[in-house]
Amino acid sequence: MSVPTSRLRRLMGNLMALAASVLVSLLLAEGAVRWLAPQPLVETEPGLYEADPPRRFRLQPGHRGRISNLVEFDTIGRIDARGLRVADDPASPPPSQRESDARRLLVVGDSFVFGWGVDAEDALPAQLEAILAAREDAASVENGGVPGYGLPDVADWFEVYGLDLAPDVLIVCVFLGNDLLDATEAARAAPWVEGDSGGVRRSLHRGSHFLRLVKRSAPPGLQRRLRALVGLDEAWELAYLRQAFGSFAKDPPPAIEEGRVASSRSLARLAERARQAGVEPMLVLLPAALQVDSERWLATTRLLEVDPMLYDPEVPNRFFARQAAELGLPLVDLLPSFRAAEGPLYFTYDPHWTVAGHRLAAERIARSLLRPEAPALSAPDA
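Here the structure is a predicted model, which means the values were calculated and not measured.

(A) The pairing of strand β8 (residues 139-145), seen in detail. With seven of seven residues buried, β8 lies mostly within the body of the structure. Here seven bridges tie strand β7 (residues 103-109) to β8, and the two strands are oriented parallel to one another. In the sheet register, valine 108 faces β8, and the bridge partner there is glycine 144.

As structure tokens, this is what we get:
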């Protein structure tokens, strides 16, 4: 029995009207979210990194590009001919024009040292230089931070590029939130790809503020069930957080134990190579926001659905304090200072420091440089 042509046309017309209504509603929702509640998304211009075999990668000399999360920061990352981040202001004097008799300090580490989310002149190395100058302790402070590095990468970079800078002091910064995970072979073997579209699903995620709001608002348990229903693994961001959170486990998982071994060896190599070159090494521990803020800590345990009694926010601090003591390294643990401070030290959506966070870290390190601390354990080992 055939459907009358008139009924078929009415049905098609109703379906087209419904589709148009849904499309208009989605467009209006997208516009409203963009206007009233824009959603964060990391955007970087391609070319920040270059392959550096046999090592993984480094910052590409001569690069200048935008770094933004669309909501909290929009900055420029400028890399000089040596592969170091420098101020984008052409009026800033290059290192060769600074005082020749000033101490030369090299700060190495990951994206926190680099200053992800802030301008180069507001990042830890530049603020440290300004604070020391104000205290009549002139120093040239170089920014050797590379986003994505763990201690094995830092040690490799220092041997090839850092020693040529002839620093007097090497400030090794360890981010306690994920550096142990980033030191594992699995993390170091992962391909580093810029500009990968990731297909239609990834393109929709990147292009739609409304879709990102829906994704962020859905309960994690519901997200996992929906992803499992369509055959998708746990979202990459959540899976990575779950692995990195193992850094705080009282009984560390195998990946973190591997990261501890690799980090310990790399730190010893850094200290040895620095001292052989007449460079004074020191270790600085950079806390994660969830270590500083107890509400973020509890929210993370709920998000990951883990037993809070099996974790301790100071586990990695104790581990690295022991390493510093064994190697005779001066140690600066920023966690107590960050816990005692007031004001937003971290971005809301992004895990990195605000300008105030960089300022506090620089002030604390400057005090240590003026009055070096004897290496000692801050608490019993975990």
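(B) Here's a closer look at the packing of helix α11 (residues 254-276) against helix α14 (residues 315-327). Where α11 meets α14, the closest approach of the two axes is 11 Å, and the angle between their N-to-C directions is 35°. You can see that α11 and α14 cross each other, and the crossing is right-handed. Contact residues: α11 offers Arg260, Ser263, Ser264, Leu267, Ala268 and Arg275, while α14 offers Val315, Phe319, Phe320, Gln323 and Leu327. Its residues placed into classes, the contact of α11 with α14 shows six nonpolar, three polar and two charged.

(C) The confidence of the model for the protein, seen in detail. Looking at the protein, the pLDDT average stands at 83 and 75% of residues meet or exceed 70. Across the protein, strand β9 (residues 169-175) holds the top mean pLDDT of 98, while helix α7 (residues 199-207) sits lowest at 47. Below pLDDT 50 for its whole length, residues 195-205 participates in nine contacts with residues either more than four positions away or in separate chains. Contacts from residues 371-382, a stretch scored under 50 in pLDDT, to residues over four places away or in other chains number 24 contacts.

(D) Examining the sheet that holds strand β4 (residues 64-68) more closely. Here four strands make up an open sheet; going across it, the order is β1-β4-β5-β6 and the pairing antiparallel. Sheet topology places β1 (43-44) and β6 (85-86) at the edges, where each strand pairs with a single neighbour.

(E) Representation of the environment of glutamine 291 within the structure. The residue glutamine 291 is located in helix α12 (residues 289-292) in this model. For the pair formed by glutamine 291 and glycine 177, sequence separation is 114 residues and the distance between their alpha carbons is 8.5 Å. Every residue in contact with glutamine 291, bar those within four places of it in the chain, is listed here: Leu176, Phe248, Pro313, Pro316, Asn317, Leu335 and Arg339. A distance of 2.7 Å separates the side chain of glutamine 291 from the backbone oxygen of proline 313, its partner in a polar contact. In this structure the side chain of glutamine 291 is engaged in a polar contact, spanning 2.9 Å, whose partner is the side chain of asparagine 317.

(F) Fine view of unusual backbone geometry. Here proline 53 and proline 54 are connected by a cis peptide whose omega angle stands at 5°. Phi at alanine 166 is positive, roughly 50°, even though this residue is not glycine. Mapping alanine 166 onto the fold places it in the loop between α4 (151-162) and β9. Despite not being glycine, glutamate 305 has its phi angle at roughly 55°, a positive value. Along the chain, the position of glutamate 305 falls in the loop between α13 (294-304) and α14. Residue class for glutamate 305 comes out exposed when judged on its relative accessible area of 57%.

(G) Quick peek at the environment of valine 279. Its location among the elements puts valine 279 in the loop between α11 and β10 (280-286). The spatial distance from the C-alpha of valine 279 to the C-alpha of valine 169 is 5.4 Å, given a sequence separation of 110 residues. Once residues lying within four places of it in the same chain are set aside, the contact partners of valine 279 are Pro167, Asp168, Val169, Leu170 and Ala274.

(H) Spotlight on α14. The end-to-end C-alpha separation of α14 is 19 Å, in line with the 18 Å expected for 13 residues at 1.5 Å each. Of the positions making up α14, those classed as buried are Val315, Pro316, Asn317, Arg318, Phe319, Phe320, Ala321, Gln323 and Ala324. Just past α14, the residue glycine 328 takes up positive phi, approximately 70°.

(I) Main features of the environment of alanine 166. Judged by relative accessible area, alanine 166 falls into the partly exposed class, the value being 46%. Taking the C-alpha atoms as reference, alanine 166 lies 7.6 Å from arginine 104; in sequence the two are 62 residues apart.

(J) Broad picture of the nonpolar core. In terms of nonpolar packing, the biggest core is built from 46 residues, with Trp157, Phe158, Leu170, Val172, Leu270, Leu283 and Phe320 touching the most fellow members. Where this core is concerned, the elements lending two or more residues are β3 (57-59), β7, α4, β9, α5 (179-182), α11, β10 and α14. Counting residues per element, this core draws most heavily on α4, at six residues. Apart from the residues lying within four places of it in its own chain, the contact partners of phenylalanine 158 are Leu106, Leu163, Pro167, Leu170, Leu270, Arg273 and Ala274. Counting residues in hydrophobic clusters, the runner-up holds 39 residues, among them Phe245, Phe248, Val284 and Ala288.

(K) Focus on the sheet that holds strand β11 (residues 331-333). As summarised here, the arrangement of the five strands in space is β8-β7-β9-β10-β11, forming an open sheet in which the pairing is parallel. Unpaired on one side and paired on the other, β8 and β11 mark the two borders of the sheet. Along the sheet, successive strands turn relative to each other by an average axial angle of 20°, direction set aside. Where α14 meets the sheet, its contacts fall on β9, β10 and β11, and the angle it forms with β10 comes to roughly 170°.

(L) Examining a nonpolar patch on the surface more closely. The grouping of Leu8, Leu11, Met12 and Leu15 at the surface amounts to a nonpolar patch, some 370 Å² of accessible area in total. Considering the arrangement of structural elements, one finds leucine 15 in helix α1 (residues 5-36).

(M) A look at the pattern of salt bridges. In total, this model carries 16 salt bridges according to the counting rule given. Glutamate 142 is the salt-bridge partner of arginine 82, the closest N and O atoms lying 3.1 Å from each other. Taken together, the positions of arginine 82 in the loop between β5 (74-79) and β6 and glutamate 142 in strand β8 put the pair 60 residues apart, joining distant regions of the chain. A salt bridge links aspartate 153 to arginine 188; the nearest nitrogen and oxygen atoms lie 2.6 Å apart. Highlighted residues: aspartate 153 in helix α4 and arginine 188 in helix α6 (residues 185-189), separated in sequence by 35 residues.

Definitions and limits used
- Residues numbered from 1 in each chain as written.
- Predicted model: local features only at pLDDT ≥ 70, side-chain atom pairs only at ≥ 80, totals over all residues.
- Heavy atoms only, no water.
- Buried < 20%, exposed > 50% of the residue type's maximum accessible area, 1.4 Å probe, protein only.
- Helix = DSSP H or I, 4+ residues; strand = E, 2+ residues; numbered from the N terminus.
- Pairing = 2+ DSSP bridges.
- Axes fitted to C-alpha atoms, helices over the stretch in contact; angles between N-to-C directions.
- Left-handed = near helix turned anticlockwise from the far one by under 90°.
- Contact = heavy atoms within 4.5 Å.
- Nonpolar A, V, L, I, M, F, W, Y, C, P; charged D, E, K, R; others polar.
- pLDDT = per-residue confidence, 0-100.
- Polar contact = N/O pair within 3.5 Å; in protein donor to acceptor, adjacent residues only side chain to side chain.
- Expected span 1.5 Å × (residues − 1).
- Core = buried A, V, L, I, M, F, W, Y, C linked by side-chain atoms within 4.5 Å.
- Patch = residues over 30% accessible without salt bridge, like charges linked within 9 Å, V, L, I, M, F, W, Y side chains within 5 Å.
- Areas by Shrake-Rupley, 256 points an atom, 1.4 Å probe, with all protein chains shown as cover.
- Salt bridge = Lys/Arg side-chain N within 4 Å of Asp/Glu carboxyl O.

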